[in-house]
Amino acid sequence: MRYSEMFLPTGREVPSDAELISHQLMIRAGLMRKLTSGVYSYLPLGYRVIRKFEQIVREEMNRAGAQEIFLPMVQPAELWQESGRWVRYGKELLRFRDRHDRECCLGPTHEEVITDLVRNEIKTYRQLPRNLYQIQTKFRDEIRPRFGVMRCREFGMKDAYSFDTDEAGAEVSYRKMFEAYQRIFTRCGLNFRPVEADSGSIGGRYSHEFMVMANSGEDAICHCSACNYAANLEKAEIARPAESETAGTTLDVEEVNTPGVRTIEEVCSFLQVAPDAVVKTLIFSVDDTPVAVLIRGDQEVNEIKVKNFLGCDSLELADDAMIRKVTGSPLGFAGAVGIQARVIADYSLLGMSDCVMGANREDYHLRHVKPGRDFPIADYADLRIIRESDPCPRCGGEVRFARGIEVGHVFKLGTKYSKAMKAVFLDQSGKEKIMVMGCYGIGIGRTVAATIEQNYDADGIVWPLPLAPYAVIITPVNVNEKMLADAAAELYHILTEKGVEVILDDRDERAGVKFKDADLIGIPYRVTVGPKRLAGGKMEIKTRRSGEVAILPVSEVTPFLIARIREGL
RNA sequence: CGGGGCGUAGCGCAGCCCGGUAGCGCGCCUGCUUUGGGAGCAGGAUGUCGAGUGUUCAAAUCACUCCGCCCCGACCA
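Cut-offs applied
Residue numbers here run from 1 along each chain, matching the order of that chain's written sequence. Whichever chain is written first becomes A and whichever ligand is written first becomes 1, with later ones labelled in order. It should be noted that, the model being predicted, local features are given only for residues of pLDDT at least 70 and side-chain atom pairs only at 80 or more, the latter also being counted only at that level, while totals for whole chains, interfaces and linings use all residues. Calculation of side-chain values draws on the structure's entire complement of heavy atoms; hydrogens and water are dropped beforehand. Secondary structure elements follow DSSP: runs of H or I no shorter than four residues count as helices, runs of E no shorter than two count as strands, and numbering proceeds from the N terminus. Note on contacts: a residue pair is in contact if any heavy atoms of the two residues lie within 4.5 Å. Note that accessible areas follow from Shrake-Rupley with a 1.4 Å probe, and for residues the cover is restricted to the protein chains shown. Residues enter a nonpolar core if they are buried and are Ala, Val, Leu, Ile, Met, Phe, Trp, Tyr or Cys, with the set joined through side-chain atoms within 4.5 Å. Three exposure classes are used, based on accessible area relative to the maximum for each residue type with a 1.4 Å probe and protein chains only: buried under 20%, partly exposed in between, and exposed over 50%. Note that the domain bounds reflect an automated or database-derived domain assignment. Definition of a polar contact: a pair of N or O atoms within 3.5 Å, with one able to donate and the other able to accept a hydrogen when the atoms are protein atoms, and with sequence-neighbouring residues admitted only if both atoms are side-chain atoms. Note on definitions: buried area is the accessible-area loss of two parts on being combined, 1.4 Å probe, summed for both. For this document, the term salt bridge refers to a Lys or Arg side-chain nitrogen within 4 Å of an Asp or Glu carboxyl oxygen. As a working rule, the residues Ala, Val, Leu, Ile, Met, Phe, Trp, Tyr, Cys and Pro are called nonpolar, Asp, Glu, Lys and Arg charged, and the rest polar, with Gly in that last group.

Time to look at the overall build of chain A. Scanning chain A for helices and strands turns up 15 helices and 31 strands. Expressed as lengths along the three principal axes of its C-alpha atoms, the size of chain A is roughly 95 × 65 × 50 Å. The long-range share in chain A, meaning contacts at least 24 apart out of those at least 6 apart in sequence, stands at 69%. Accessible surface for chain A amounts to roughly 26,300 Å². Of this, 48% is attributable to carbon and sulfur atoms.

Attention now moves to the nonpolar core. Judged by nonpolar contacts, the single largest core of 63 residues is most densely connected at Phe53, Tyr181, Phe185 and Trp463. When residues are assigned to domains, this core turns out to be shared by domain 1 (15-237 + 401-452) and domain 3 (470-568), each giving three or more. If near-sequence neighbours (up to four positions away) are discounted, Trp463 is found in contact with Leu31, Val49, Val448, Thr451, Ile452, Ala468, Pro469, Ile521, Gly522, Pro524 and Arg545. Counting 26 residues, the second largest nonpolar core, distinct from the first, contains Ala471, Ile474, Ala487 and Ala488.

All right, on to the environment of Lys532 then. Summarising the element assignment, Lys532 is placed in helix α14 (residues 531-535). Sequence spacing of Lys532 and Val253 is 279 residues, and the spatial spacing of their C-alpha atoms is 91 Å.

It is worth spelling out the side chain of Thr447 at this point. Tracing the chain through its elements places Thr447 in helix α11 (residues 444-454). For Thr447, the side chain forms a polar contact with the main-chain oxygen of Gly443, separated by 2.5 Å. If sequence neighbours within four positions are ignored, Thr447 has contacts with Phe53, Phe185, Leu190, Val407 and Ile442.

Right, let's get into the domain arrangement of chain A. Looking at the assigned domains, one finds that chain A contains domain 1 (15-237 + 401-452), domain 2 (254-381) and domain 3 (470-568). With centres defined by C-alpha atoms, the gap from domain 1 to domain 3 works out at 39 Å. Taken residue by residue, the interface counts 6 residues in domain 1 and 4 residues in domain 3. In this assembly, domain 1 packs against domain 3 so that about 550 Å² is buried in total across both faces, 61% of it on carbon and sulfur atoms. Counting across the interface, domain 1 meets domain 3 through 2 salt bridges. With its nearest N and O atoms 3.0 Å apart, the salt bridge here joins Glu501 to Arg48. Our enumeration of links across domain 1 and domain 3 arrives at 3 residue pairs in polar contact (both at pLDDT 80 or more). Secondary structure elements with two or more residues in the side of domain 1 that touches domain 3: α1 (21-28) and α2 (44-63). Residue contributions to the side of domain 1 that touches domain 3 peak at 3 residues, all from α2. Split by residue class, the side of domain 1 that touches domain 3 holds 3 nonpolar, no polar and 3 charged.

Here you go:
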């Protein structure tokens, strides 16, 4: 493509509303433009990158035995009512009515549609397993779209759904997708890692998130420095500590006046104790029933773990009225002694034998409290957020924290949707069985943005070759010098004929401007055609990433580039 | 939805406190010069100052309402 004919608006200024490097560069390099909050148009250069990535995804999905389909974006409410998500999904689901007043929604995901399709067409074990995928635009009415295409409302996603006859088959399907994902992100040249994750409201029992490592990432992850354990921070397990036999306190519980002392910090300084000698009592409203969660004062409760442990639908911190009802006191003085609620405790309470906790009486705390002696604990569980000082739950090694961008997620759905929507088949013995499902997503635009987060420098984007919109840009230093213009055009034609994707920067601009643009848009190889080199029958090839410059006779330029491109893909 | 901030030329911003009819840089157009890392000179175009209402002789500027956008929080395949 000739640069002079391209729709490629580049900018020198950093857009004021862009925070992330990837967002800034995607605007500045003319990859995309915002239409409205969380909704973007891709420009030619950006769309080429998107298609490059989609192609890699397609190749690997097909290789893994999945088949491409294309499902509707507009979906009827009935399907969502059937799965139960019409009620549960919340405001992220954009709902509307058509002219007949029928309720519809824009698909934020396609479990319902695919399950409906499959249950209508697949009747026997002979037709299983199947894995169907699509690359579709999804719409989720995010509360707060941000970071450009990283967290937006309308976005491209590859989603695949597997259907198996049993759990073992589903496990095989899951492994295949897991491996396909490893291949996809490896081919893109990304530094990523799969981490164990909570499966969230989509349901299912276990899942892995594929995280591109980046400090700007929205997700915190925890990984072991010794073994290959890695988990989303919210999921990261903490092993039950060995119980040490402690005699504990022999002192009786004592009530002390602590006027206005509510937070752990205040309690510690008021009573001159360390946070790990205090028990924090949090009252949660669990499906509208109060539950008290006890945890050592220096730790934080992981609400997801609590939710999973209790197996409830909703979990939130109790309001003042509920706190008053179960503790008989306002916020800040809750304790386990005499509380009118189920009590569960984090493992961090094991071994605590002389602690401070709220007295369930305004302006009073208790000291010398001994769990077990002074109040019963129904259950101990892993309910806290992991810290960097905790040992790895698998091998006991040291854990490290890092940040990442979630670009893919593989789920074992089990029978959540197939059961609700009656996706059944007949097995060999003619018995009706429920299909076992899995679902597997990859954020297309987000992966492209994540790629930029990992591949840029002070001058702009540095595309990995497999995702680069063009492999080569030819820059005649002055198009008004016929020698240069002709030599550049000739190279352009030769490369194009050889199937190399190349831009000829034939604009009547100063060399500096062209260099800056070439760097900004991140084309891997730039061929500079200048008067001095050309007089000696040579051209310069500059590698964007390394800055390395090769000066070659004109005849060797094409073979050189083709060889480099071949090894780079 | 709560807290904070911002809407002035295509982009980035000043002007607003202290009302008097809009400016800077980049970009854009024309011409000449220039041509290996975002050129120089000369000339030029471009704004319902986010919208509405009010106060005033007079509103970008003050007040109120609305809309949009951004940041923090809650939320989240």
